[in-house]
Amino acid sequence: MVLSDDGYWFAPISPLTWKIDSTVYSVGDHRYNLARINLKIWHEKVGLPDRSPHKFRHGHIQYGLKNAEDIADYKAVSMNVMHSSMSVADKIYSRMKDEDIHTRICNLGANSKKPISSKDETLQVIQEFLEYREKNRTH
């Protein structure tokens, strides 16, 4: 099923069958409420607290960006949610905790090595680098 340009902003999934409802051909008067209504029915059915479609979208984006392995993955997540550019995802969704920044910086290029996870290990790596540089310095 290909969605038209004037169709829903989401796939019209039936809360009864959990499949795309192929009988939906027009937007109708309740375009922005249908996803919210269907999601509420699903939450009630499976016993989850009610969350807005926007919160699911936000969670999907955060999960995708956190698990992106390279810039192409990052761009794919941004394009999948129809952002006008990657800068939207970067400005709104890519905030990182200091601990995550530390771990990622310490592990740049460490695919074949044991990841660095503590400050002591970080200091040890820096010390080894400084010793290596001093030993191999040409005057």
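Numbers given for residues are sequential positions, taken from 1 along each chain in its written order. Totals for whole chains, interfaces and linings use all residues, but because this is a predicted model, local features are given only for residues with pLDDT of at least 70 and pairs of side-chain atoms are given and counted only at 80 or more. To obtain the side-chain values, all non-hydrogen atoms of the structure were included, while hydrogens and water were left out.

1. Things to note about the overall build of the protein chain
Each helix and strand in the protein chain was counted, giving six helices and zero strands. With a 1.4 Å probe rolled over the protein chains alone, any residue whose accessible area is under 20% of its type maximum counts as buried; one over 50% counts as exposed, and the rest are partly exposed. Burial statistics for the protein chain: of 139 residues in total, 22% are counted as buried. What makes two residues a contact is simply this: any of their non-hydrogen atoms within 4.5 Å. A sequence separation of at least 24 residues applies to 23% of the contacts in the protein chain between residues at least 6 apart. Within the structure as shown, the protein chain displays about 11,600 Å² of accessible surface, and the carbon and sulfur contribution to it stands at 56%. Secondary structure elements are defined from DSSP: runs of H or I of at least 4 residues count as helices, runs of E of at least 2 residues count as strands, and each element is numbered from the N terminus. For the area figures, the Shrake-Rupley method with a 1.4 Å probe applies, and any residue is considered shielded solely by the protein chains shown.

2. Section: a nonpolar patch on the surface
Nonpolar side chains (Val, Leu, Ile, Met, Phe, Trp, Tyr) within 5 Å and like charges within 9 Å form the patches, drawn only from residues with over 30% relative accessible area and no salt bridge. Salt bridge, as applied in this entry: a Lys or Arg side-chain nitrogen positioned within 4 Å of an Asp or Glu carboxyl oxygen. The grouping of Leu123, Ile126, Phe129, Leu130 and Tyr132 at the surface amounts to a nonpolar patch, some 530 Å² of accessible area in total. Relative to the elements of secondary structure, phenylalanine 129 occurs in helix α6 (residues 119-135). For phenylalanine 129, a relative accessible area of 47% puts it in the partly exposed group.

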